[in-house]
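Below are the chains, spelled out letter by letter.
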Amino acid sequence: MAEKKFAGIKGPVTSPEVNADYQAARTFDKVKVGKLGVYYRDGFKIRFMDYSLLERVFIRIQEVNGRMCCGNTIFAYYRLVFVYEGREIGDAISENEQAMDEALALIKELAPASVAIGVADKAEVRA
């Protein structure tokens, strides 16, 4: 089988280790969490978010007000956001809150301690 080509943070990634990690990664809705990083589909590409390059990973909740024929309703989307060099470089979207929470918990378990998980403290923002 041919090796997959992943869209990494710093460019294309083709590696047998990353390919094996992708195959063995646990799936949470549209996100796969492996030992080396997080994988998700972005258009025709498979994005690879390498733990060694990430600064922060958190969930952003996006609410959308939907107008229906009989009234209004609110739809919630959950985005798993990845931060590198102080910028948000990617996000994986899902309607499944539990899947995103479980994915973030596994990322916290597998990622190095240098990767901040969740929202920033007020002290961090001021610094």
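Model, not experiment: these values are computed from the prediction.

Concerning the overall build of the protein
And step 1. Along the backbone of the protein there are three helices and ten strands.
And step 2. Ordered by position from N to C terminus, the α and β elements of the protein give β-β-α-β-β-β-β-β-β-β-α-β-α.
And step 3. Relative to its full complement of 127 residues, the protein shows a buried share of 39%.
And step 4. Once local pairs closer than 6 in sequence are excluded, the contacts in the protein between residues at least 24 apart make up 43%.
And step 5. Just so you have it, the protein exposes about 8,100 Å², and 50% of that area is on carbon and sulfur atoms.
And step 6. Each charge sign in the protein was given a centre, from 18 positive and 18 negative side chains, and these centres are 4 Å apart.

What about helix H2 (residues 97-110)?
And step 1. Along its 14 residues, H2 runs 20 Å from first to last C-alpha, staying within 8% of the 20 Å computed at 1.5 Å per residue.
And step 2. Within H2 the residues assigned to the buried category are Ala99, Met100, Ala103, Leu104, Leu106 and Ile107. Down the axis, H2 shows its buried residues gathered within 165° of arc, on one side only. Exposed and oriented more than 90 degrees from the buried face of H2 are Gln98, Lys108 and Glu109.
And step 3. Measuring from the backbone nitrogen of Gln98 back to the side-chain oxygen at the start of H2 gives 3.2 Å, which picks out Asn96 as the cap.

Describing the sheet that holds strand S9 (residues 87-94)
And step 1. Taken in spatial order, the four strands make up an open sheet running S9-S8-S7-S10, and their pairing is mixed. Lying at the two open borders of the sheet, with one neighbouring strand each, are S9 and strand S10 (116-117).

Notes on the state of the cysteines
And step 1. Applying the stated criterion across every chain yields a total of zero disulfides.
And step 2. This cysteine, Cys69, is not joined by any disulfide, and Cys70 carries the nearest cysteine sulfur, 4.3 Å off.

Things to note about the packing of aromatic side chains
And step 1. Following the criterion strictly, the structure yields six aromatic pairs and no others.
And step 2. Considering the side-chain rings of Phe6 and Tyr39, the 5.5 Å spacing of their centres and the 55° angle between planes classify their relative orientation as tilted. Here Phe6, found in strand S1 (residues 6-8), pairs with Tyr39, found in strand S5 (residues 37-42); they are 33 residues apart in sequence, far enough to count as distant. The residues Phe6 and Tyr39 share a single accessibility class, namely buried.

Parameters at a glance
Residues numbered from 1 in each chain as written. Predicted model: local features only at pLDDT ≥ 70, side-chain atom pairs only at ≥ 80, totals over all residues. Heavy atoms only, no water. Helix = DSSP H or I, 4+ residues; strand = E, 2+ residues; numbered from the N terminus. Buried < 20%, exposed > 50% of the residue type's maximum accessible area, 1.4 Å probe, protein only. Contact = heavy atoms within 4.5 Å. Areas by Shrake-Rupley, 256 points an atom, 1.4 Å probe, with all protein chains shown as cover. Lys, Arg positive; Asp, Glu negative; His and termini not counted. Charge placed at Lys NZ, Arg CZ, Asp CG, Glu CD. Expected span 1.5 Å × (residues − 1). Arc of directions from axis to C-beta. Polar contact = N/O pair within 3.5 Å; in protein donor to acceptor, adjacent residues only side chain to side chain. Pairing = 2+ DSSP bridges. Disulfide = S-S within 2.5 Å. Phe/Tyr/Trp six-rings, centres within 6.5 Å; stacked < 30°, edge-to-face > 60°.

By themselves, these observations are geometric and do not establish any function.
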